[in-house]
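Analysis of the macromolecular model
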Amino acid sequence: MARGKLALGLDIGSTSVKMIQLKEQRRRGVVGYALQSFGMKPLPAEAIVDGALMNSTAIVQAVQELISELRVKQKEVAIGVSGHSVIIKKISMPRMTQEELEESIQWEAEQYIPFDVKDVNIDTQILNPDANDATGQMDVLLVAAKKDMINDYTTVVSEAGLHPAVVDVDAFAVQNVFGANYDVPENQTIVLINAGASVVNINIVANGMTVFTRDVTIGGNQFTEEIQKQLNVSYEEAEALKSGGGDPALAGLLCRNGGGLHFRQGLPLRRDGEDSGSVQDDRDPGRRAGGNPQSLSKHRNRRPEVRPAFHHGRSANGGGGDGAGSP
């Protein structure tokens, strides 16, 4: 990535494509970021189904329209992926350097991921590089993403005339944004939630380290469908009501009946005075432990690459691991 330039942020979601361009600012020696431009384009129904790109032509067209409308000159772009094609695990390995780890992980990863290692892109990060462990072991964050999914997303980016410089994990990208905007004491536990139209990314951060990640296959679409069914309105009207618009009379009815909304499948909405309980998606037990990802600005001095991008800036002091930190 060119020095001094931030990559475009491109979110290819199930119902829309979002593009954002930031500008780096320095005030009193502190680096910050300002919004330079933002745009969003809707996608046709079922353009993306369960993370699979079913209508690449429509996605490419949406990206090209955003480039034109926002008058974007930057070509390098960062995208994010999530879902069942992405596996995140914290594993224990004999202590070694990052270079040695990158050479050996191809042989070690097979026992930790449910896919053939030939079919995935693998990246690693040593979580506690400075720890003095008498056992000779170290904690390692392992991320594996299916190559066919990565190729699908990077192909539509390239066909739109952009260069995919970074492929991050959605949960880590949200953590990057949070870390760039807030100073959080390390002794606090924070839950970061990215709610999309079809998937919700959950990232629990404790003591500066991600201890739990999960992608829950429910999102805004299910809320819209439930509103549509209970109020007997069109999908478009239900979507407008969910967003705070639509017919005022129907909006008032929705507010009065809001405590009664529920889902027969998926994640239930909590009724007034009722405990919703913890939320877990047992269909993807591998999505447990994550790490503090490297912010996009830190990629500027690296050779552009396409892989799950993340980085731990602090050493691990316990927690994490498969199943650890589960709420």
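Up top is the structure.
Residues numbered from 1 in each chain as written. Predicted model: local features only at pLDDT ≥ 70, side-chain atom pairs only at ≥ 80, totals over all residues. Heavy atoms only, no water.

1. Remarks on the packing of helix α5 (residues 220–231) against helix α6 (residues 235–242)
Close contact between α5 and α6 brings their axes to 8 Å; oriented N to C, the two are set at 115°. In terms of axis orientation, α5 runs roughly perpendicular to α6. For the crossing formed where α5 meets α6, the hand is right-handed. Facing α5, whose interface residues are Gly220, Asn221, Phe223, Thr224, Glu225, Ile227, Gln228 and Leu231, α6 presents Tyr235, Ala238, Glu239, Leu241 and Lys242. Its residues assigned to classes, the contact of α5 with α6 shows six nonpolar, four polar and three charged. (Axes fitted to C-alpha atoms, helices over the stretch in contact; angles between N-to-C directions. Helix = DSSP H or I, 4+ residues; strand = E, 2+ residues; numbered from the N terminus. Parallel < 35°, antiparallel > 145°, perpendicular 65-115°, else oblique. Left-handed = near helix turned anticlockwise from the far one by under 90°. Contact = heavy atoms within 4.5 Å. Nonpolar A, V, L, I, M, F, W, Y, C, P; charged D, E, K, R; others polar.)

2. Describing the sheet that holds strand β8 (residues 120–126)
Spatially, the three strands line up as an open sheet ordered β7-β9-β8, and their pairing is antiparallel. Of all strands in the sheet, those with a lone pairing partner are β7 (86–94) and β8, marking the two edges. Strand-to-strand twist in this sheet, taken as the mean axis angle between neighbours without regard to direction, amounts to 25°. Two elements, β8 and strand β9 (residues 137–146), share seven bridges in a ladder whose sense is antiparallel. Counterpart to Gln125 in the pairing with β9 is Leu141. Contacts from helix α2 (residues 98–108) reach β7, β8 and β9 within the one sheet, and its direction differs from that of β8 by about 140°. (Pairing = 2+ DSSP bridges.)

3. A closer look at a nonpolar patch on the surface
There is a patch of nonpolar side chains on the surface, built from Ile20, Leu22, Val31, Tyr33, Leu35, Phe38 and Met40 and spanning about 620 Å² of accessible area. Elements supplying a minimum of two residues to the nonpolar patch: β2 (16–27) and β3 (30–42). Element by element, the count of residues in the nonpolar patch is highest for β3, at five residues. (Patch = residues over 30% accessible without salt bridge, like charges linked within 9 Å, V, L, I, M, F, W, Y side chains within 5 Å. Areas by Shrake-Rupley, 256 points an atom, 1.4 Å probe, with all protein chains shown as cover. Salt bridge = Lys/Arg side-chain N within 4 Å of Asp/Glu carboxyl O.)

4. Description of the pairing of β9
Taken across its 10 residues, β9 has seven buried, putting it largely inside the fold. In this sheet, β9 lies alongside β7 in antiparallel orientation, the contact comprising nine bridges. Looking at the pairing, Pro94 lines up with Gln137 of β9. (Buried < 20%, exposed > 50% of the residue type's maximum accessible area, 1.4 Å probe, protein only.)

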